[in-house]
Amino acid sequence: MAHQSGPSGFLLTTLDSAINWTRTRSMWAATFGLACCAIEMMATGAAHNDLARFGMEVFRASPRQADLMIVAGRVSQKMAPVLRQVYDQMSEPKWVISMGACASTGGMFNNYALVQGVDEVVPVDVYVPGCPPGPQSLMHGILLLQDKIMAREIVR
Amino acid sequence: MTDEVFAPLAERFPDVDFEQVLASKQDVAHVPLDRYRGFVEAAHNVGFDVFVDLCAVDYLHRKPRFDVVLNLLSHTNRRRLRIRVGVPASDPTVASITGIFPGANFYERETFDLFGIVFSGHPDLTRLLLPDDWEGHPLRKDHSVGSVPVRFKASPKTS
Amino acid sequence: MSDTPNVTTGDFEAPTIDRPDDAHTATSETAEERRRIHDLWVAGTEEPSWLRGSTDEQSQELLDRNSDPALRLSQGIAVDDDYLFDDVTDSDELQILNMGPQHPSTHGVLRLHLELDGETIVRAKPIIGYLHTGMEKTGETLTYMQGSTNVTRMDYLSPMHMELAFSLAVESLLGVEMPERAQAIRVLMTELNRVSSHLVWAATQGTDLGAVSMMIYGFRDRECILEFFEKTTGLRMNHNYIRPGGVAADLHDGWEDEIELIIEKVTQGVGEYEELFNGNPIFRDRTMGVGVITPEECRALGVSGPIARAAGIKWDLRKVFPYSGIDKYDFEVPVGKHGDVWDRYLVRIEEIKQSLGIVKQVLETMPAGDYRTLDRKITPPPRKRIDESMEALIHHFKLFTSGFKVPAGETYAAVESPRGELGMYIVSDGREKPWRLHARTPSFNHVQALPTMMTDSLVADIVATIASTDPVLGDVDR
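Residues numbered from 1 in each chain as written. Chains lettered and ligands numbered in written order. Predicted model: local features only at pLDDT ≥ 70, side-chain atom pairs only at ≥ 80, totals over all residues. Heavy atoms only, no water.

**Q** Any chance you could explain the overall build of chain B here in plain terms?
**A** Counting its secondary structure elements, chain B contains three helices and seven strands. Expressed along its principal axes, the backbone C-alpha trace of chain B runs to roughly 80 × 35 × 30 Å. The burial tally for chain B puts 58% of its 159 residues in the buried class. Considering only contacts in chain B between residues 6 or more positions apart, those separated by 24 or more positions represent 50%. A total of about 6,600 Å² of accessible surface is found on chain B, and carbon and sulfur atoms cover 51% of it. (Helix = DSSP H or I, 4+ residues; strand = E, 2+ residues; numbered from the N terminus. Buried < 20%, exposed > 50% of the residue type's maximum accessible area, 1.4 Å probe, protein only. Contact = heavy atoms within 4.5 Å. Areas by Shrake-Rupley, 256 points an atom, 1.4 Å probe, with all protein chains shown as cover.)

**Q** Explain the sheet that holds strand β2 (residues 26-31) of chain B here, please?
**A** Residue and element names in this part refer to chain B. Judged by pairing direction, the sheet is mixed, and its five strands sit side by side in the order β1-β2-β5-β4-β3 without closing on themselves. One side of each edge strand has no neighbouring strand; the edge strands of this open sheet are β1 (17-21) and β3 (50-58). Sheet twist, expressed as the mean angle between neighbouring strand axes with direction ignored, is 25°. With respect to the sheet, helix α2 (residues 36-46) is in contact with β1, β2, β3, β4 (66-74) and β5 (79-87), its orientation differing from that of β5 by roughly 175°. (Pairing = 2+ DSSP bridges. Axes fitted to C-alpha atoms, helices over the stretch in contact; angles between N-to-C directions.)

**Q** For this particular structure, what's the right way to read the packing of aromatic side chains?
**A** The geometry of an aromatic ring pair is captured by two quantities: the separation of the ring centres and the angle between the planes. The final tally for this structure, using the stated rule, is 18 aromatic pairs over all chains. An angle of 10° between the planes, with centres 5.6 Å apart, marks the rings of Phe 6 of chain B and Phe 48 of chain B as stacked. One end of the pair, Phe 6 of chain B, is in the segment before α1 (7-12); the other, Phe 48 of chain B, is in the loop between α2 and β3, and 42 residues separate them in sequence. With centroids separated by 5.1 Å and ring planes inclined at 70°, the aromatic side chains of Phe 283 of chain C and Tyr 345 of chain C adopt a geometry described as edge-to-face. With a gap of 62 residues between them, Phe 283 of chain C in helix α9 (residues 281-287) and Tyr 345 of chain C in helix α13 (residues 341-365) connect regions that are remote in the sequence. Here the aromatic residues Phe 6, Phe 13, Phe 18, Phe 39 and Phe 48 of chain B are joined through ring pairs into a cluster of three or more. A cation over a ring is seen here: Lys 78 of chain A above Tyr 130 of chain C, with NZ or CZ 5.3 Å from the ring centre. The positively charged end of Lys 319 of chain C is found above the aromatic ring belonging to Phe 331 of chain C, 4.0 Å away from the centroid. (Phe/Tyr/Trp six-rings, centres within 6.5 Å; stacked < 30°, edge-to-face > 60°. Lys NZ or Arg CZ within 6 Å of the ring centre and 35° of its normal.)

**Q** Help me understand the interface of chain B and chain C in this model?
**A** Each side of the interface is counted separately: chain B has 67 residues, and chain C has 60 residues. At the boundary of chain B with chain C, total buried surface from both sides reaches about 5,300 Å², with 59% on carbon and sulfur atoms. The interface formed by chain B and chain C includes seven salt bridges. In this structure, the salt-bridge partner of Glu 410 of chain C is Arg 82 of chain B, at a minimum N-O distance of 3.3 Å. Mapped onto the side of chain B that touches chain C, the elements with two or more residues apiece are β2, β3, β4, β5 and α3 (104-115) of chain B. Residues that form the side of chain B that touches chain C fall into these classes: 35 nonpolar, 14 polar and 18 charged. (Buried area = accessible area lost by both parts, 1.4 Å probe. Salt bridge = Lys/Arg side-chain N within 4 Å of Asp/Glu carboxyl O. Nonpolar A, V, L, I, M, F, W, Y, C, P; charged D, E, K, R; others polar.)

**Q** When you look at the interface of chain C and chain A in this model, what are you seeing that I'm missing?
**A** In many reports, interface size means the accessible area that the parts give up when they come together. Of the residues lining the interface, 47 residues belong to chain C; the matching set on chain A comes to 45 residues. With both chains or domains summed, chain C and chain A bury close to 4,000 Å², and 65% of this area falls on carbon and sulfur atoms. Taken together, the links from chain C to chain A amount to one salt bridge. Residues Glu 40 of chain A and Arg 236 of chain C are paired through a salt bridge, measuring 2.9 Å at the closest nitrogen-oxygen approach. Taken together, chain C and chain A are joined by 10 residue pairs in polar contact (both at pLDDT 80 or more). Residue assignment for the side of chain C that touches chain A shows that the elements contributing at least two residues are α1 (29-43), α3 (135-139), α4 (147-151) and α7 (213-233) of chain C. For the side of chain C that touches chain A, the element with the highest residue contribution is α7 of chain C, accounting for six residues. (Polar contact = N/O pair within 3.5 Å; in protein donor to acceptor, adjacent residues only side chain to side chain.)

**Q** Would you mind showing me how to read the sheet that holds strand β7 (residues 420-428) of chain C here?
**A** Strand pairing in a sheet relies on backbone hydrogen bonds, with the paired strands running either antiparallel or parallel. All names here are of chain C. Strands sit in the order β6-β7-β8 across an open sheet of three strands; the sheet is antiparallel. The open sheet has two edge strands with one neighbour each: β6 (409-417) and β8 (436-440). Sheet twist, expressed as the mean angle between neighbouring strand axes with direction ignored, is 15°. Here β6 runs beside β7; their pairing, made up of nine bridges, is antiparallel. If you follow Ser 417 over to β7, its bridge partner there is Gly 420.

**Q** How do you make sense of a nonpolar patch on the surface when you look at a structure like this?
**A** Residues and elements named next belong to chain C. A surface patch of nonpolar side chains, amounting to about 290 Å² of accessible area, comprises Met 390, Leu 393 and Ile 394. In this fold, Ile 394 is placed in helix α15 (residues 390-401). Residue Ile 394 is classed as partly exposed on the basis of its relative accessible area, which comes to 45%. (Patch = residues over 30% accessible without salt bridge, like charges linked within 9 Å, V, L, I, M, F, W, Y side chains within 5 Å.)

**Q** I tried to follow the environment of Phe 32 of chain A on my own but got confused; where do I start?
**A** Inspection of the secondary structure puts Phe 32 of chain A in the loop between β1 (29-30) and α2 (36-45). Owing to a relative accessible area of 2%, Phe 32 of chain A belongs among the buried residues under this scheme. Counting along the chain gives 28 residues from Phe 32 of chain A to Arg 60 of chain A, while the straight-line C-alpha distance between them is 9.7 Å. Not counting the four nearest positions on each side in its chain, Phe 32 of chain A is found in contact with Met 41, Met 69, Ile 70, Val 71, Ala 72, Met 79, Leu 83 and Val 86 of chain A together with Gln 102 of chain C.

**Q** Explain the state of the cysteines to me, please; I cannot follow it from the model alone.
**A** Disulfides are covalent bonds that link the sulfur atoms of two cysteine residues. Applying the stated criterion across every chain yields a total of zero disulfides over all chains. As a non-bridged cysteine, Cys 131 of chain A has Cys 102 of chain A as the owner of its nearest cysteine sulfur, 5.3 Å distant. (Disulfide = S-S within 2.5 Å.)

**Q** Any chance you could explain the side chain of Asn 49 of chain A here in plain terms?
**A** Here Asn 49 of chain A shows up in the loop between α2 and β2 (59-60). On the accessibility criterion, Asn 49 of chain A (9% relative accessible area) is buried. When neighbours within four sequence positions are excluded, Asn 49 of chain A is seen to be in contact with Ala 43, Thr 44, Pro 135 and Met 139 of chain A together with Glu 223 of chain C.

**Q** Just to check I follow, could you spell out the pattern of salt bridges for this structure?
**A** Should the charged atoms of two oppositely charged side chains come close, the side chains can pair. Residue and element names in this part refer to chain C. By the definition in use, this model includes 38 salt bridges over all chains. Across the pair Glu 351 and Arg 309 runs a salt bridge, and its minimum N-O distance is 2.6 Å. Of this pair, Glu 351 sits in helix α13 while Arg 309 sits in helix α11 (residues 306-311); the two residues are 42 residues apart in sequence, bridging distant segments of the chain. On the accessibility criterion, Glu 351 (2% relative accessible area) is buried. Between Arg 419 and Asp 470 there is a salt bridge whose closest N-O contact spans 2.9 Å. Highlighted residues: Arg 419 in the loop between β6 and β7 and Asp 470 in the loop between α17 (459-469) and α18 (473-477), separated in sequence by 51 residues. On the basis of relative accessible area, Arg 419 is assigned to the buried category, the value being 1%. By relative accessible area, which is 2% here, Asp 470 ends up buried.

Below, the structure is given as structure tokens:
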């Protein structure tokens with residue numbers, strides 16, 4: 001969506017906001033729960049901390065039907081190509097949240113087995129720190145991503 | 001130490017050292033490499049028919065360098081048995097016990113993967129936890145932990 | 001990876017195994033180039049060059065039936081033929097299906113290679129390692145006080161049990177006894193953890209079989225337990241609470257009322273699950289006679305915990321080799337008969353109830369006293385003592401910078417985790433960090449036992465079987 005100025009720019013801007021609004025209000029996440037963070041992600045989707053109020057209760061197993069990938073957990077060297085493949089299979093527009101310390105930077109496991117930060121493999125939009133981040137932290141990260149999408153501040 | 005549970009084993013294998021370690025009296029048997037498989041089979045027949053654990057330890061400056069540690073359990077006698085067999089670095093090969101305990105399959109593969117100890121007679125000795133094209137055996141003591149220096153990644157400016 | 005690690009490959013050749021012909025399809029130059037340009041345009045980042053390559057692992061593929069030496073092993077010692085099984089000689093009719101590692105029902109990153117004859121599973125091969133974190137290597141770089149943070153993340157659904165196994169192993173090397181209150185707190189925490197882990201099992205078992213609301217119920221009841229954990233330990237998961245020497249902090253004020261609330265809430269929840277499942281004909285049909293494992297197979301494969309008990313083996317480490325004062329409490333151990341998914345479901349539901357009974361007894365009989373041993377060489381002094389005493393300051397400093405030394409020796413300590421026998425084998429060389437830390441995790445054996453349970457059953461039964469096995473991939477791969 002090109003950012004144009006002038007009278008046609010105004011129409012496009014409103015259209016932009018409308019489209020961005022719809023994108024944020026029903027983001028479906030691809031299930032990419034790997035380790036402990038996956039349990040907290042499931043808890044975020046469960047009844048106590050409800051992701052359904054953001055339109056996100058559905059976690060699609062097929063990446064073709066998802067537009068958000070929450071990398072929840074530690075990414076090992078063996079898993080990295082799989083992660084990339086799943087990311088490639090998602091269709092545009094797509095976003096990535098790196099959940100937890102292990103996904104963001106390798107966490108406490110600074111060793112041979114883990115990819116030190118999932119942004120070495122896929123481009124990340126929001127990093128959520130924590131080990132594991134509680135449901136409230138994850139929701140804060142998701143809402144932050146929604147703000148970024150609305151403001152179209154995602155650098156590609 | 002030969003109590004009634006281990007007496008038949010001690011008789012058949014006089015070159016095996018039995019000891020009890022620590023206050024919790026854990027039974028350990030030090031078995032020479034060439035008697036390993038026979039001893040495991042005999043232990044299985046005596047009542048230690050539950051496979052618990054198989055791992056290796058790299059003692060680096062000791063001869064023999066590696067120790068393969070096998071943990072067995074007996075439901076009937078309510079005893080545990082730890083079998084330790086020394087494996088030299090020059091020829092790190094030891095008999096596989098998958099014929100006696102099928103549960104050792106993954107454990108021996110993992111030990112091969114992380115230590116490089118070859119289990120002869122194993123049906124499928126390939127890497128288990130690391131990618132297939134990985135080089136090296138990480139849990140050896142002369143392999144570094146592989147840590148990378150902490151980098152502070154510059155985040156894109158949001159204006 | 002920024003730098004390749006310093007390795008010595010040793011002076012031997014890795015065994016060569018006959019691999020099937022390399023069926024790797026080479027993509028044409030232009031296709032790769034097009035993909036790269038597309039990636040640049042779309043993502044703005046270039047795919048790292050070390051990631052190029054397929055995700056196929058040739059050695060992990062199923063070998064030709066005639067040349068697969070592990071075929072008999074993976075089919076189990078005693079194959080219980082539930083269905084009329086014609087020996088299929090024509091391998092052209094068999095289809096190979098890959099399940100995972102990214103899959104909603106594999107409980108994590110488990111990959112299964114299945115060989116199917118129609119809907120019947122002829123062979124199954126689990127491929128693991130997608131969550132390998134090198135925790136045993138990291139454990140050698142951490143002191144014994146830091147060790148709990150490492151091991152607690154192995155089995156992330158029962159972190160208390162992992163920490164307890166580690167602490168018991170270190171304490172057996174140290175030769176220290178825990179005060180009674182510390183032991184009682186440990187029992188309280190581990191039994192609550194058993195309940196919360198079984199609730200996650202119930203949630204995933206129900207969801208995998210189609211009862212999607214079970215996920216919500218299971219996690220709803222788990223929340224009150226996690227809140228309790230958060231108030232005492234500071235974290236909902238991966239607590240680093242049970243450390244060698246005792247526990248990290250005393251129970252918080254008002255814990256008795258919370259425990260009563262938890263017991264009430266979870267008991268009510270379990271009542272709901274039984275109402276939903278016990279008489280449900282769909283659930284019964286999908287679980288009875290499915291995923292059977294015999295006691296002989298359990299022993300040979302090292303399968304323990306609810307799976308072995310459902311198969312009929314009367315064995316629970318809490319009764320046979322009691323630890324941490326658990327023999328003071330009165331509880332029963334449910335044992336099944338048939339070893340199928342239904343029996344495992346019944347065993348685990350009963351275990352939840354028994355664990356709540358233990359928690360109630362701990363609540364009623366909690367002794368007063370120290371929550372950690374007073375030996376200042378092992379546990380740090382209370383914070384306010386640091387201002388008063390030089391010795392306390394020195395102890396605190398030494399413990400948190402270099403850690404305490406553990407006498408040389410080796411030990412194996414096992415606890416009964418919700419999944420089975422969880423053991424920790426530690427070799428110490430007399431210094432502050434373990435020489436070797438090895439975790440004997442139950443899910444490793446159970447994933448190995450999956451082919452035994454799944455052969456000759458239907459594709460639809462895979463999901464029920466895996467869910468009833470309750471594997472935690474952090475446990476499997478470490």
